[in-house]
Amino acid sequence: MTLTVNKTNNKSNVFTAFQNAAHAKNNVYSSWYYKRNHRVFEADTKTKAKVAAGAGIATILPMIYFAMKQNKLKSLSKLKLKHLVNIRYELPQVIGLSTTSIAGGVAAGIIADKKSNKKRKLQEGVFQFMNATIPTLLVGGALNLIKDNVKYKDSRSVKFAAIVTGLIAGMPLAAWLSNIINDPKDKEPDRKLTLKDSIVNMDDALGAFVIAKIPFVEALHLDKLMPAIFAWCGYRAGQSN
């Protein structure tokens, strides 16, 4: 995310990780890297491993639950990869999976990374969660309204418009809500969402494409990538500093 600060604004900039001396020393990373990871310095290998484990476990556990609820898995003792791969994802599964994956990564990061400010990780977790869920909720809600409308329920153009509108409106709305949650008293500069940020973080909104049942998404079986993407979101948030 790009942070825009008004020069006349006297609010303290808590996102100094993007502008401080450490940023100058670690000049080797591109702006794309910062937009994706929000890190000034790399975490050590042990911290990365713990964050990865936290995000991974928090992703696999709800998948096991979903598999059992959908009768794809009868017993934990018989658990195989195919049981998790064949989960059917609707809105509740997408929201549940994104929530636990990101929360797991952030929690592991707070416990493992003693050097970084815990508040930064929580804030990044909120942004990641909002980016993953708000567009998905908007798209899902719009499609449900269309489904109940006899005139438009079979219209591909109307469905496409609903999906595009949900994504375009969802990401800025996610940023706006995140700013309110992270800074309710408005003491800090707001974190702004640019077009580049939206493109770079579009994978966070994969859930919206999955529940929309877009033909190319179904043809490529991108729903099977969603757990890995949400786990990666949690991993990134857990390392944020």
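Definitions and limits used
Residues numbered from 1 in each chain as written. Predicted model: local features only at pLDDT ≥ 70, side-chain atom pairs only at ≥ 80, totals over all residues. Heavy atoms only, no water. Helix = DSSP H or I, 4+ residues; strand = E, 2+ residues; numbered from the N terminus. Buried < 20%, exposed > 50% of the residue type's maximum accessible area, 1.4 Å probe, protein only. Contact = heavy atoms within 4.5 Å. Areas by Shrake-Rupley, 256 points an atom, 1.4 Å probe, with all protein chains shown as cover. Expected span 1.5 Å × (residues − 1). Bend = angle between axes of the 7 residues up to and from the residue. Core = buried A, V, L, I, M, F, W, Y, C linked by side-chain atoms within 4.5 Å. Salt bridge = Lys/Arg side-chain N within 4 Å of Asp/Glu carboxyl O. pLDDT = per-residue confidence, 0-100. Axes fitted to C-alpha atoms, helices over the stretch in contact; angles between N-to-C directions. Parallel < 35°, antiparallel > 145°, perpendicular 65-115°, else oblique. Left-handed = near helix turned anticlockwise from the far one by under 90°. Nonpolar A, V, L, I, M, F, W, Y, C, P; charged D, E, K, R; others polar.

## Some words on the overall build of the protein chain
When you go through the protein chain residue by residue, the secondary structure sums to 11 helices and 2 strands. Listing each helix as α and each strand as β along the protein chain from the N terminus yields β-α-α-α-α-α-α-α-β-α-α-α-α. Across the 241 residues that make up the protein chain, the buried fraction comes to 48%. A separation threshold of at least 6 residues defines the contact pool for the protein chain, and within that pool the share at least 24 residues apart is 73%. Counting only carbon and sulfur atoms, one obtains 64% of the accessible surface of the protein chain, whose full area is about 12900 Å².

## Focus: helix 7 (residues 156-182)
Here helix 7 spans 38 Å end to end across 27 residues, near enough to the 39 Å set by a 1.5 Å rise per residue. Along its length, helix 7 reaches its greatest deviation from straightness, about 30 degrees, at G170, and the proline P172 lies no more than four positions downstream. Listed in full, the buried residues belonging to helix 7 are A162, I163, G166, L167, G170, M171, A174, A175, S178, N179 and N182.

## As for the nonpolar core
One finds Y89, V139, L143, I163, L206 and M226 to be the most contacted residues of the largest nonpolar core, which totals 34 residues. Listing elements by their share of this core, those giving two or more residues are helix 3 (45-69), helix 5 (91-112), helix 6 (118-147), helix 7, helix 9 (206-212) and helix 11 (226-239). When residues of this core are assigned to their parent elements, the largest contribution, 6 residues, is made by helix 9.

## Looking at the environment of L91
Inspection of the secondary structure puts L91 in helix 5. Expressed as a C-alpha distance, the spacing of L91 and G141, which sit 50 residues apart in the sequence, is 9.4 Å. In this view, L91 contacts T136, L137 and I211; residues no more than four positions away in its chain are not counted.

## Quick word on the pattern of salt bridges
As enumerated under the stated definition, the model contains 1 salt bridge in all. The partner of K224 in a salt bridge is D223, with the nearest N and O atoms 4.0 Å apart. The exposure class assigned to K224 is partly exposed, which follows from its relative accessible area of 38%. Among the residues examined, D223 registers a relative accessible area of 17% and is labelled buried.

## Here's the deal with the confidence of the model for the protein chain
Residues at a pLDDT of 70 or more form 76% of the protein chain, whose mean pLDDT is 77. Across the protein chain, the secondary-structure element scoring lowest on mean pLDDT is helix 1 (residues 21-25), at 40, and the one scoring highest is helix 3, at 93. Taken as a whole, residues 1-30 scores under 50 in pLDDT and shows 51 contacts with residues more than four places along the chain or in a different chain.

## Some details on the packing of helix 6 against helix 7
Taken N-terminus to C-terminus, the directions of helix 6 and helix 7 make an angle of 150 degrees; their axes are 7 Å apart at the nearest point. In terms of orientation, helix 6 lies roughly antiparallel with respect to helix 7. When the axes of helix 6 and helix 7 are compared, the crossing they make is right-handed. Considering only residue class, the contact of helix 6 with helix 7 consists of 22 nonpolar, 7 polar and 1 charged.

## A short note on the packing of helix 6 against helix 11
The interhelical angle for the contact between helix 6 and helix 11, taken along N-to-C directions, is 155 degrees, at an axis separation of 8 Å. One finds that helix 6 runs roughly antiparallel with respect to helix 11. Crossing of helix 6 against helix 11: the hand is right-handed. Contact with helix 6, carried on its side by K121, E124, G125, Q128 and A132, involves F230, C233, R236, A237, G238 and Q239 of helix 11 and no other residues of that element. Split into classes, the residues belonging to the contact of helix 6 with helix 11 amount to 4 nonpolar, 4 polar and 3 charged.

## A look at the environment of I111
Here I111 is to be found in helix 5. Taking the C-alpha atoms as reference points, I111 and K50, 61 residues apart in sequence, are found 8.8 Å from one another.

## Some remarks on unusual backbone geometry
A positive phi angle is found at N71, which is not glycine, with a value near 60 degrees. Looking at the element boundaries, N71 is found in the loop between helix 3 and helix 4 (81-85). Its relative accessible area of 56% is what places N71 among the exposed residues. Phi is positive for H221, which is not a glycine, with a value near 55 degrees. Looking at the secondary structure, you find H221 in the loop between helix 10 (215-219) and helix 11. The class for H221 is partly exposed, based on a relative accessible area of 45%.

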